[in-house]
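# Per-entry structural report
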Number of protein chains: 2
Amino acid sequence: MSDLNPLFRPRSVALIGASSDPKKYGYWTAKGLIDSQFTGDLYFISRTAAADILGQKPYASISDVPGSVDLAILGISPKYILPVIQECADKGVKAVVVVATGFGETGPEGKALEQKMIAIAQKTGMRIMGPNCMGIFSSPVNLNASTIDLDDGHMGLVLQSGNFGIDINFNAKTRGLGYSGWASIGNQADLRFADFVEYLGQDEDTRVVLMYMEGLRVSSVDDGRNFLRKARLTTLQKPVAVIKIGRSKAGARAAASHTGSLAGSENIFDAALNQAGVIRVETPNELLDVGEAFSRCKMPKGNRIAILTDGGGHGVMATDMAENLGLNAAVLSEETQKKLRAILKPHCPIKNPVDLAGTPEGDMWVFDRCAEVLLADPDVDGLVIAGLYGGYCDFSEEFRQLEMDVAKSLADRATKADKPVVMHSMYHAQQPESLVHIMKHGFPVYGSVDAAMRAMGALVGFGARQGKIQEELAAQPPQLPEDRLAQVQIIFDKVRSQNRVNLVETEAREVLRAYGFNLPSHLLATNENEAATLFDELGAKKVVMKIVSPDILHKTDAGGVILNVDSEEKARDAYIQLLSNAKKYDANADIFGVMLTPMLSGGVECIIGSSYDSTFGPAVMFGLGGIFVEVLKDVSFRVAPVNGPEAKRMISEINAYPLLTGVRGQQGVNLSALENAVSMLSYMVVELSDVAEVDLNPVFATEDGVDVVDARIVLHPVNK
Amino acid sequence: MSDLNPLFRPRSVALIGASSDPKKYGYWTAKGLIDSQFTGDLYFISRTAAADILGQKPYASISDVPGSVDLAILGISPKYILPVIQECADKGVKAVVVVATGFGETGPEGKALEQKMIAIAQKTGMRIMGPNCMGIFSSPVNLNASTIDLDDGHMGLVLQSGNFGIDINFNAKTRGLGYSGWASIGNQADLRFADFVEYLGQDEDTRVVLMYMEGLRVSSVDDGRNFLRKARLTTLQKPVAVIKIGRSKAGARAAASHTGSLAGSENIFDAALNQAGVIRVETPNELLDVGEAFSRCKMPKGNRIAILTDGGGHGVMATDMAENLGLNAAVLSEETQKKLRAILKPHCPIKNPVDLAGTPEGDMWVFDRCAEVLLADPDVDGLVIAGLYGGYCDFSEEFRQLEMDVAKSLADRATKADKPVVMHSMYHAQQPESLVHIMKHGFPVYGSVDAAMRAMGALVGFGARQGKIQEELAAQPPQLPEDRLAQVQIIFDKVRSQNRVNLVETEAREVLRAYGFNLPSHLLATNENEAATLFDELGAKKVVMKIVSPDILHKTDAGGVILNVDSEEKARDAYIQLLSNAKKYDANADIFGVMLTPMLSGGVECIIGSSYDSTFGPAVMFGLGGIFVEVLKDVSFRVAPVNGPEAKRMISEINAYPLLTGVRGQQGVNLSALENAVSMLSYMVVELSDVAEVDLNPVFATEDGVDVVDARIVLHPVNK
C-alpha cells in the first residue's frame, strides 16, 4: 500500500514544465493544482520562465527546490525526459507522473525510452505512472493534477484511456458524483492496475473501485496472477467494477475443438475477473451506475426487494428485470399490506410491486409514507422507487416546495435506514432541485428503470461475490501425493532428452497417476507376442489397444485405436494391424509400441483440460465431451488453481449440467469425484510449470467416480 | 387507412369538458390545442362554463356545434361518458378519444362500460381511442391533444402507457426529436396497435414506427394475426421498433419438455415480432436511439462500415460492438488510404478504424476532411464518427466558431451523401451549438459509443429484415394433397363422437399421411394371433409394437412400446406383454389394440411440434430431440404458417444446427426434406382449426429424408 502514498497522499508536489502560457499543458495543470488547493507544498519548475507562474515563482530545476518532493508531475516532451527523470531520482522524489505521449505506444523506440526511465527510477525506488496519461487526482489532499474538472466523492477510478476519463466525468458531474482517487495510468510502464486496485482497496475514502481497461500489461504471467490476487482481496473489502474493451476477436477464435484453441484469452479473462469477484459492465454509463450505487447506498442483507412505483408500466419493467438480476420480490407481510392500504386507495395494488397509480398527483407524500412502511418491513432487504416525481415544480411554487419537502423526508429516511434505496425518475435529466437533494443527501436517482434495477442488482450481488471468494479461500486444496514430483521428473527428463514436447499416452498416464488420478492400469507391448502375453496379464475381459508414438497425436485419425479386444489371438492381430496403420499414416513415425488398457464403458463423457494463458498462466477447462464441446462450445474456464467450491461452480455452470445430475430416469454421476479431478488437475498444472496443455478427453463420469479414458500432455518448448 | 384519418387528420376537433380552471385537464388540453395552432376548426364544449375559455366561447353540448366534427376529445369522467358518446354518435363524429381512467383497468364493471361505449359507437362507425389514455398528437395538422409538450418530427410513436410517453419525450426533446404522429392508446377498447401500425406505416410524414407495449389486446387470435400481418406489411415500407414489457414470467414457464409447455407465450411473441421484421429493443432509451437513427439517416446499401475516431479507446469499443451487430469493417481502398495519409500524420492509424489520435486538438477540420474521403469510398456503406469534439467552445470564441464551421460542413456533407452517418460525442449531454446544428441539419449524435453503434446496426439490419419478409412472401407454400380434408374429417368425427381430444397414434399417423407426410405403413392388431399375422403382412425384418389407447399418452412410461420384434412368435408374445403392461398401468384404459410398424434406425433425432398461442394462434416449434429439447431448451418457434425460407431459418437458428449439416465426419441430413416437414405441419395446423397440439417426437432426419417415428395430436376441447 505504501508504494502509492506518494501519488495519492503526497506532502509535496512539483510540476516540471509549468508555464504561464494559457494554451499549454503546463499552465492548465499549474492552474488545476492551485485551484484545487493542494494541502501540501507545491513547486513549479520551468527551465525558461523568468516571471511568476500564477503568482508563484518557478524554480529552474527540481534540484533547486528547498524541501523534499514526494511527487513530480512531468509535463515535458519525451526528448527531455531522461535527464529530468534522473534529476528527480537524485532529488529523492518518490513518484513521478509522466504525461507526455510518444513512448511505448509509438513503437520499439518509445518502448526503449520507457525502459530507460524505469532503469533510472528503480535505482532509487522511485515509481512512475504513465507515460501517455492524463494525470492524477486525490480528494483527501485536494490534489488535482489532471487538467480535468474532477469533484470529491467516493469512487476510485483507474483508467487506461484519458478520453474515457473525460467521457465518464461529464456523466459523473451530471449525477453529482466524484472521486476519492482518480488515475489515468496510460502505458503502465511501471505502475499497473494491480498497484492501483490494491491501494484503492485499502483506501478509507474509497467505497468502490472502478477500472476502464483495454488489457492488462504483463511482463510475465506473474503480473496477471498478481492482479487477480489483489483484485480478489480487494473484493473482500469493497466492490470492484471493470469495463474491458477490445473483446471482439475472441468470438472468432473459439472455433476448433480442443482445449488450446477454445481457451481464447477472452474466455480466460472473463473467468479470471469472475473468480476475483469483479463486477463486469459493458458500457461507461453502466460503470458509473455501479459507481453511483456503491457511492451512495447501504449494503443489502439479502435479495428480497420491494418495488414502489407510480404507474404500472415502470413496475412491470422493474419486475421483468428483477428476475434476470437475481433479485427476489419481497413478500410483504399482512401487517405491511394493512399499513399500505391505510395510505392508499383501493385501486392501488399493494402487493409487491406497490403501485401508487396516480395518487401522488393529489398527494406527493404517499411516496414517503409508503417508503416508510416498506423500509420498516423486516422481509424487505432493499427498496426501488420507480416513477418518482420531479416535474410538478414547473407548475407552481407550492408544488416546488412540496417536492422539496417530500424529497428531504425521503432522503432522511433512506439515510437512517440500514437498507439500500435506489430510485428512478423520468425527470432525472432536468435535475430538479428535489432530485438533486435526494442524490446529494440520500440515495441514487437514475434516469431509467433499467439502470435503477441494475444498480440494485449490483448491490445485492456483491454479497454473493464476497461469499464465493471467502468460501474458496477457506476451502482445502486437494491432498497431493508426496512423491509425485520425483516420479514426474523422471518422465519429463526422458521427454526433454528426446527433444520432445508431446508426452505419449503411457507417459501422460504415469504423470496423472503420480497426482493421484485413478486410472486403470496400462501395459506397453513392443511386439505381437508381448501383446498376447500382456492381454493375459491385464486380466480384463476386453481391452483397448492404442498405438504409442510421439509423432501420432490424433490416434483415431491414424487408425491407431482398436476397441473390444477380447482374446490373446485378437491382441496379437490388433498389434500387427495397429503397426501397419501407423506406418501407413506416417512412415517415419517413431513408434514406442502399443498400449493395452481395460475397456471402460458407460458414464457421461466429459472433457477436463488445461491451457496456458499469456496473461494469467495455467487455466483449466471443463465440459461434456463430443458435440457439447465441439459443436455447442458448452464449456467453462477458470484460472488455476481452483478448490472444491470453484470446481463445483465450474461444473455446474455448463448448460448441459443436468446430464450430470441425471435426466430421463438416469442416475447422476459422482459429482464430488468430478470436482476433485478438476481441482487436482488445476493444482497439477500450477505445480508443473513445464506443462503447457493437458487434455483428458474423454473422461467417463459415472455413479462411482471418474475414469480417464484418454490423456494427452504437452510441455512448453522451454520451461516457463 | 381511412379509419384513422379522423384521429390524425381531422378537419375539426371538439374538446368536451373544456375548462378555464388552470388546475384542470380540460384547461391544459384546451391550451394545448390553441398553442399548437390546430389547422382546422376547434370547438370547446362545457356544460357549466358561462364565460369564454381561453378567448373562445364554449358550447353547452356538441350538438350545438354548427359545423361537423371529425374528432372529439372527451375530458370527462366515466360516470358522464355514455350520454356524451351517444351525443357524439348522433352528431356524426368520426372518432373520439376517451382520456379518463376508471374503465376496463379497474375490473368487470369498467369493462362493461367500455362495451357499452363501443356498442353505441359501432352503430355509426365512430371509432374510439382509449379510454385511460393521454391523447393524441399529429404534426401535419398541428394537433396536440395530449397535455404533453410534443414537437414536430418524423417518428410515429404509439404507447400503451402514458407515463412512458412522458419519459421518452423528455429524452426526445434533449435530442431535438419530434413526432409525425403520437398516440397514447390506453386500454385499446376499440382501436388497437394493429390500426396504428397500419396507419403510420402508410403515413408519408412518418419515417419510423415506434411502439411501447405491455401486451397485445386481442378478442381472438384473429386480432393477434392481424397485428402480425400489418406490422409485417409496414416493415416492407419503413422500420417498426417495439419495446415490450411484462416478459419475465416466460423464463419460469419453459420448464417441461413437450411442445405445449415449452411454447410459453413470450417465446411465441418473440418469434411473431421477429417474423414481422420488427426491431426489438429492451429499454425506452434504445427505442429512441432507433427512432433517432431512422428519423435522421439515409438507408445504407450494405453492412461495410467505416469508423472514424479521435482516440483509440472509442475506436476499439466501436469495433468490439460491430461484430455482434452484424456490421463489417469496410476495407479501405489503397486510394482512400493514400488520401487519408495526406491528411493525417504518420502516427494516425488509417486502416479502419481511422484514428485521428489527437490531431483535432490542433486542427478540427481533419474530422471533416477524413469524413469526405471515407464517404467517397464506394466500399463504405456507412460512417460512424466516434469521439467528436464539442468541448473546445468553452476555451475561446475562436474555437467556438471553428467547431460551428466544421459542424456545418460535416452536416452538409452527410446531407448530400447517400450513406448514413452517425456520431458519438462525449459532449453530447452539454448540447453545444455545434452538435445541435449537426443533429438538426445532418445526422444523429449519440452520447455513447454503444448507442451510436447500435443505431448503425439497426440501420444496416433493416434491409435484411425487409429482405426476409419479401423472400417469405414470394415463396411457394407446400403442395397440399387434394383429398386431405375429407380423410381428416372422418378421423376427427370419430374422435369427437367418442368425446375425446387425444388422437391415438394410428389416427395421428393417418392425419399426417393425409397431409403427405411420409410415414412407414402401420397395422393395428386386436389380438395376439392378429399380431403374428400382421407381422408377416408388414414384411419388415424388425418391427416396433406400441399400445394404442386414448388413455395412455405416454406409452413408454406405461411399458407400452416394444422394439426390435423380429418374428411372428415374438410379435405374439409382445402383444400379450403390452396388454398386460397397459392393464397394470391403467386398469380402466380403453385399449384399441397394438400398432405394428417397421423399426426405423439412425438419423438425427428431431422434434417438430405445434402449439396454440392465445394471442397468435397456431405456432410451430423445431428442435433436436432428447436432451437438446429437454435439458438444453435448444428450440425455435414461429407463428404458423411458414414457407420454406422461414422454415430454413427456423432450423438453422438452433445451436445444435451443425449436427444436421454433419460433424465429426458424419453425413449431413436432407435439410430440404426437414424444411418441407416443418412448413407442411405449419400449414396443416393453420388449416385444421380443431388441432391444439402436435408432437412429432422423435422424427429421424437422415440423408434421404424425414421419418416420423412417433406422432401425437391433441384437439381443442371445442373447435376454435
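All of the points below concern the structure found in this document. Small disclaimer: the values here were computed from a predicted structure and weren't measured.

## Focus on the overall build of chain A
Of the regular secondary structure elements, chain A holds 25 helices and 28 strands. If you line up chain A on its principal axes, its C-alpha atoms span 100 × 80 × 40 Å. Of all 720 residues assigned to chain A, the portion counted as buried reaches 58%. At a minimum sequence separation of 6, the contacts of chain A that also span at least 24 residues come to 71%. Counting every atom, chain A has about 28100 Å² of accessible surface; 49% of that belongs to carbon and sulfur. If you average the places of the 69 positive and of the 88 negative side-chain charges in chain A, the two averages end up 3 Å apart.

## With respect to the pattern of salt bridges
Considering all chains together, one arrives at 92 salt bridges over all chains under this definition. One salt bridge in this structure joins Arg413(B) and Glu372(B), with 3.6 Å as the shortest N-O distance. Taken together, the residues Arg413(B) in helix α15 (residues 397-416) and Glu372(B) in helix α14 (residues 365-376) connect sequence positions 41 residues apart. For Arg413(B), a relative accessible area of 24% gives the class partly exposed. The salt bridge involving Arg513(B) is made with Glu510(B); its shortest N-O contact spans 3.4 Å. Placement of both Arg513(B) and Glu510(B) in helix α19 (residues 505-514) is noted, with a separation of 3 residues, approximately one turn of the helix. Within the structure, one salt-bridge network assembled from shared partners comprises Arg175(A), Asp289(A), Glu292(A), Arg296(A), Asp450(A) and Arg454(A).

## Side note on the interface of chain B and chain A
Facing 46 residues of chain B, the contacting portion of chain A comprises 46 residues. With both sides pooled, the region where chain B packs onto chain A buries about 3600 Å², and carbon together with sulfur makes up 64% of that total. Our enumeration of links across chain B and chain A arrives at 0 salt bridges. Joining chain B to chain A, the criterion identifies 4 residue pairs in polar contact (both at pLDDT 80 or more). Taken together, the elements giving at least two residues each to the side of chain B that touches chain A come down to α5 (162-174), α8 (249-253), α12 (312-324), α22 (627-630) and α24 (658-661) of chain B. Looking at the side of chain B that touches chain A, the element that brings in the most residues is α12(B), giving 7 residues.

## Some remarks on the relation of the copies chain B and chain A
The two copies are related by a screw operation: chain B maps onto chain A through 180° of rotation and 0.1 Å of translation along the axis, at an RMSD of 0.1 Å. Given the turn and translation reported, the copies of this chain are related as if by a two-fold rotation axis. When each C-alpha of chain B is compared by its distance to the rotation axis, Ala429(B) comes out closest, at 4.6 Å. Comparing interface residues between copies, 100% of those in chain B also lie at the interface in chain A; the contact surface is shared.

## Looking at the sheet that holds strand β3 (residues 71-74) of chain B
Residues and elements named next belong to chain B. If you walk across this open sheet you meet the 5 strands as β2-β1-β3-β4-β5, and the pairing is parallel. Of all strands in the sheet, those with a lone pairing partner are β2 (41-45) and β5 (127-129), marking the two edges. The mean inter-strand angle of the sheet, taken between neighbouring strand axes irrespective of direction, is 20°. Bridging between β3 and strand β4 (residues 95-98) involves 4 bridges; their strand directions are parallel.

## What about the packing of helix α20 (residues 528-538) of chain B against helix α21 (residues 568-585) of chain B?
Residues and elements named next belong to chain B. Their axes nearest at 8 Å, the elements α20 and α21 cross at an angle of 140°. Considering the angle they form, α20 stands oblique to α21. As α20 runs across α21, the sense of the crossing is right-handed. Every residue of α21 that contacts α20 at Glu528, Asn529, Ala531, Ala532, Phe535 and Asp536 is listed here: Glu568, Ala571, Arg572, Tyr575 and Ile576. A class-by-class count of the residues in the contact of α20 with α21 yields 6 nonpolar, 1 polar and 4 charged.

## Focus: the sheet that holds strand β12 (residues 279-281) of chain A
All names here are of chain A. Taken in spatial order, the 7 strands line up as β7-β6-β9-β8-β10-β11-β12 in an open sheet, and their pairing is mixed. Every other strand in the sheet has two partners, leaving β7 (143-145) and β12 as the edge strands with one partner each. Here the average twist between neighbouring strands, direction ignored, is 20°. With 5 bridges joining them, strand β10 (residues 208-213) and strand β11 (residues 240-244) adopt parallel strand pairing. Pairing of Tyr212 across the sheet is with Ile243, part of β11. Sitting on the sheet, helix α6 (residues 193-202) touches β8 (152-159), β9 (179-184), β10 and β11, and the angle it makes with β10 is about 165°.

## Some words on the pairing of strand β6 (residues 135-138) of chain B
Residue and element names in this part refer to chain B. Neither face of β6 is open: one carries Gly135 and Phe137, the other Ile136 and Ser138, and all of them are buried. Relative to strand β9 (residues 179-184), β6 runs antiparallel, the two being bridged by 4 bridges. Bridge assignment links Ile136 to a residue of β9, and that residue is Ala183. With 3 bridges connecting them, β6 and strand β7 (residues 143-145) associate as antiparallel partners. By the bridge assignment for β7, Ile136 is matched with Ala145. The loop that links β6 with its antiparallel partner β7 comprises 4 residues; one of these, Asn142, has a positive phi angle of about 55°.

## Some points on the environment of Asp695(A)
Of note, Asp695(A) is situated in strand β26 (residues 691-701). Through-space distance from the C-alpha of Asp695(A) to that of Val69(A) is 55 Å; in sequence the pair is 626 residues apart.

## Quick notes on helix α10 (residues 265-275) of chain B
Along α10(B), the residues classified as buried are Glu266(B), Ile268(B), Phe269(B), Ala271(B), Ala272(B), Leu273(B) and Gln275(B). Downstream of α10(B) by one or two residues, Gly277(B) has phi in the positive range, about 75°.

## Re the packing of helix α12 (residues 312-324) of chain A against helix α17 (residues 449-474) of chain A
All names here are of chain A. Contact geometry for α12 and α17: axes closest at 9 Å, N-to-C directions at 40°. Judged on the interaxial angle alone, α17 and α12 are oblique. Two packed elements cross with a definite hand, and for α12 against α17 that hand is right-handed. Across from His314, Met317, Ala318, Met321 and Ala322 in α12, the residues of α17 making contact are Val449, Asp450, Met453 and Arg454. Of the residues belonging to the contact of α12 with α17, the class tally is 6 nonpolar, 1 polar and 2 charged.

## Some remarks on helix α21 (residues 568-585) of chain A
All names here are of chain A. In a regular helix each residue adds 1.5 Å, so 18 residues correspond to 26 Å; α21 covers 26 Å between its end C-alpha atoms and thus fits that length. Every buried residue belonging to α21 is among Ala571, Ala574, Tyr575, Leu578, Leu579, Asn581 and Ala582, and all of these are buried. In an axial view of α21, the angular spread of the buried residues amounts to 165°, which keeps them on one side of the axis. Contacts from the buried residues of α21 go to β19 (523-525), α20 (528-538), β20 (543-548), β21 (561-565) and β22 (593-598).

## Some points on the environment of Lys79(A)
All names here are of chain A. Position of Lys79 among the secondary structure elements: in the loop between β3 (71-74) and α3 (81-91). Among the residues examined, Lys79 registers a relative accessible area of 67% and is labelled exposed. Measuring from C-alpha to C-alpha, the distance between Lys79 and Gly102 comes to 9.2 Å, with 23 residues separating the pair along the chain.

## Some details on the state of the cysteines
All names here are of chain B. Summed over the entire model, instances satisfying the criterion amount to 0 disulfides over all chains. Not engaged in a disulfide, the cysteine Cys88 finds its nearest cysteine sulfur in Cys133; these two sulfurs lie 14 Å apart. For Cys88, a relative accessible area of 0% puts it in the buried group. Exposure remark for Cys133: the relative accessible area of 5% places this residue in the buried category.

## Things to note about the pairing of strand β16 (residues 382-388) of chain A
Residues and elements named next belong to chain A. The buried fraction of β16 is high, at 7 of 7 residues. Pairing of strand β13 (residues 304-309) with β16 involves 5 bridges; the strand directions are parallel. Bridged to Ile305 within β16 is Gly382. Pairing analysis gives 4 bridges linking β16 to strand β17 (residues 421-425), with the strands arranged parallel. Considered in β17, the bridge of Leu383 is made with Val421.

## Notes on unusual backbone geometry
Look at the link from Asn352(A) to Pro353(A): it is a cis peptide, with omega at 0°. Locating Pro353(A) in the fold gives a position in the loop between α13 (334-343) and β15 (354-355). In this structure, Pro698(B) follows Asn697(B) across a cis peptide bond, with omega equal to 5°. In the Ramachandran plot, Asn132(B) falls in the positive-phi region, its phi being about 65° despite a non-glycine side chain. Relative to the helices and strands, Asn132(B) is located in the loop between β5 and β6. The phi dihedral of Ala357(B) is positive, around 45°, even though this residue is not glycine. Mapped onto the elements, Ala357(B) comes out in the loop between β15 (354-355) and α14.

Conventions adopted
Residues numbered from 1 in each chain as written. Chains lettered and ligands numbered in written order. Predicted model: local features only at pLDDT ≥ 70, side-chain atom pairs only at ≥ 80, totals over all residues. Heavy atoms only, no water. Helix = DSSP H or I, 4+ residues; strand = E, 2+ residues; numbered from the N terminus. Buried < 20%, exposed > 50% of the residue type's maximum accessible area, 1.4 Å probe, protein only. Contact = heavy atoms within 4.5 Å. Areas by Shrake-Rupley, 256 points an atom, 1.4 Å probe, with all protein chains shown as cover. Lys, Arg positive; Asp, Glu negative; His and termini not counted. Charge placed at Lys NZ, Arg CZ, Asp CG, Glu CD. Salt bridge = Lys/Arg side-chain N within 4 Å of Asp/Glu carboxyl O. Buried area = accessible area lost by both parts, 1.4 Å probe. Polar contact = N/O pair within 3.5 Å; in protein donor to acceptor, adjacent residues only side chain to side chain. Least-squares fit on C-alpha atoms with pLDDT ≥ 70 in both. Pairing = 2+ DSSP bridges. Axes fitted to C-alpha atoms, helices over the stretch in contact; angles between N-to-C directions. Parallel < 35°, antiparallel > 145°, perpendicular 65-115°, else oblique. Left-handed = near helix turned anticlockwise from the far one by under 90°. Nonpolar A, V, L, I, M, F, W, Y, C, P; charged D, E, K, R; others polar. Expected span 1.5 Å × (residues − 1). Arc of directions from axis to C-beta. Disulfide = S-S within 2.5 Å.

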